[in-house]
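Summary of the model geometry
Chain by chain, the residues run as shown.
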Amino acid sequence: MNAPTPDRRSFLKLSIAAGAAAIAPAARAQDAAFSLPKLPYALDALEPHIDAKTMEIHHGKHHAAYIKNLNDAIAANDYLKGKTVEAIVGGLTAVKDEAVRTTLRNNAGGHWNHTFFWEVMAPAGKGGEAGDDLATAIKESFGSLDDLKKAFNEAATKRFGSGWAWLIVQDKKLKVVSTANQDNPLMKEIVPDSDFGTPILGLDVWEHAYYLHYQNKRPDYITAWWNVVNWKEVERRFKTA
């Protein structure tokens with residue numbers, strides 16, 4: 001067999017290099033601790049209540065940024081490798097480095113919160129209704145679904161600046177709480193004991209969640225959002241809480 005000519009050798013080297021470059025990004029993506037979850041519906045599926053452009057930016061830019069920052073923190077701190085995001089957000093006080101703890105609080109919190117948020121929504125008319133067990137618990141804790149919505153809307157509206165409103169299970173009862181920034185009720189010793197529990201419903205009230213469509217009218221966004229609550233998922237989470 002004839003040896004490759006200089007031109008052919010150059011071509012082969014370039015081909016191998018190009019192939020390696022094409023494979024490298026996929027390998028790096030697989031090595032990452034966490035990846036952006038796919039939405040369980042199309043970007044425009046929640047319209048007119050939440051518009052497609054907001055969903056595109058919220059999911060593809062904001063959520064993706066939290067994941068990148070979280071993965072960077074994990075890559076720089078071996079003791080975080082292999083941990084679930086639930087273990088990270090639930091164990092923040094064990095992280096002694098304040099800067100790392102803050103990074104995890106913001107970005108592991110942001111990743112968990114947004115993954116949760118996408119799952120507790122569904123296209124209007126597709127989310128079902130609260131099942132008997134959840135409906136009974138709502139009645140026992142709030143009096144009625146309307147009373148729950150009133151308490152939840154108040155918590156979401158009064159959250160100053162950026163944050164979340166949550167419906168949680170605490171001591172086997174339902175409770176409405178609110179957290180700042182990307183905090184959530186799983187963050188033991190980070191949030192007050194009165195806000196600690198298992199979330200079954202949550203609403204993002206950061207401006208990036210609604211400003212393109214609702215501008216400064218947060219109450220309008222909150223009211224519209226109830227049309228896309230995935231009660232089937234809320235019921236599932238309630239039963240496993």
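See the structure shown above.
Residues numbered from 1 in each chain as written. Predicted model: local features only at pLDDT ≥ 70, side-chain atom pairs only at ≥ 80, totals over all residues. Heavy atoms only, no water.

1. Details of the packing of aromatic side chains
Evaluated as defined, the whole model comprises 12 aromatic pairs. Summarising the aromatic geometry, the rings of Phe 152 and Trp 226 are spaced 5.3 Å apart at their centres and angled 70° between planes, so their arrangement reads as edge-to-face. Linking Phe 152 in helix 6 (residues 145-158) with Trp 226 in the loop between helix 8 (218-225) and helix 9 (231-240), this pair joins segments that are 74 residues apart in sequence. You can call Trp 226 buried: its relative accessible area is 10%. Among the aromatic side chains, those forming a connected cluster through ring pairs are Trp 112, Phe 116, Phe 117, Trp 118, Trp 164 and Trp 166. For Lys 188, the ring lying beneath its charged end belongs to Phe 196, and the centroid distance is 4.7 Å. (Phe/Tyr/Trp six-rings, centres within 6.5 Å; stacked < 30°, edge-to-face > 60°. Helix = DSSP H or I, 4+ residues; strand = E, 2+ residues; numbered from the N terminus. Buried < 20%, exposed > 50% of the residue type's maximum accessible area, 1.4 Å probe, protein only. Lys NZ or Arg CZ within 6 Å of the ring centre and 35° of its normal.)

2. What to know about the packing of helix 6 against helix 8
Relative placement of two packed helices is described by the angle separating their axes and the distance separating the axes. The geometry of helix 6 relative to helix 8 is characterised by a closest axis approach of 10 Å and an angle of 145° between their N-to-C directions. Crossing of helix 6 over helix 8 shows right-handed handedness. Packed against helix 6, whose contacting residues are Phe 152, Asn 153, Ala 156 and Thr 157, the element helix 8 presents Arg 218, Pro 219, Ile 222 and Trp 225 at the interface. A breakdown of the residues in the contact of helix 6 with helix 8 according to their chemical character gives 5 nonpolar, 2 polar and 1 charged. (Axes fitted to C-alpha atoms, helices over the stretch in contact; angles between N-to-C directions. Left-handed = near helix turned anticlockwise from the far one by under 90°. Contact = heavy atoms within 4.5 Å. Nonpolar A, V, L, I, M, F, W, Y, C, P; charged D, E, K, R; others polar.)

3. Looking at helix 5 (residues 132-142)
Among the residues of helix 5, those classed as buried are Leu 134, Ala 137, Ile 138 and Phe 142. On an axial view of helix 5, the arc spanned by its buried residues comes to 100°, and they lie on one face. Exposed residues on helix 5 whose side chains face more than 90 degrees from its buried face are Asp 132, Lys 139 and Glu 140. Of the surrounding secondary structure, the elements contacted by the buried residues of helix 5 are helix 6, strand 1 (163-170), strand 2 (173-180), strand 3 (198-204) and helix 9. Remark: Gly 143 follows helix 5 within two positions and exhibits a positive phi of approximately 105°. (Arc of directions from axis to C-beta.)

4. Details of the environment of Ile 50
For Ile 50, the position within the fold is in the loop between helix 1 (6-31) and helix 2 (52-76). Classification of Ile 50 as buried rests on a relative accessible area of 4%. Linking Ile 50 and Tyr 214, residues 164 residues apart in sequence, is a C-alpha distance of 9.3 Å. If near-sequence neighbours (up to four positions away) are discounted, Ile 50 is found in contact with Met 55, Met 121, Tyr 221, Trp 225 and Val 228.

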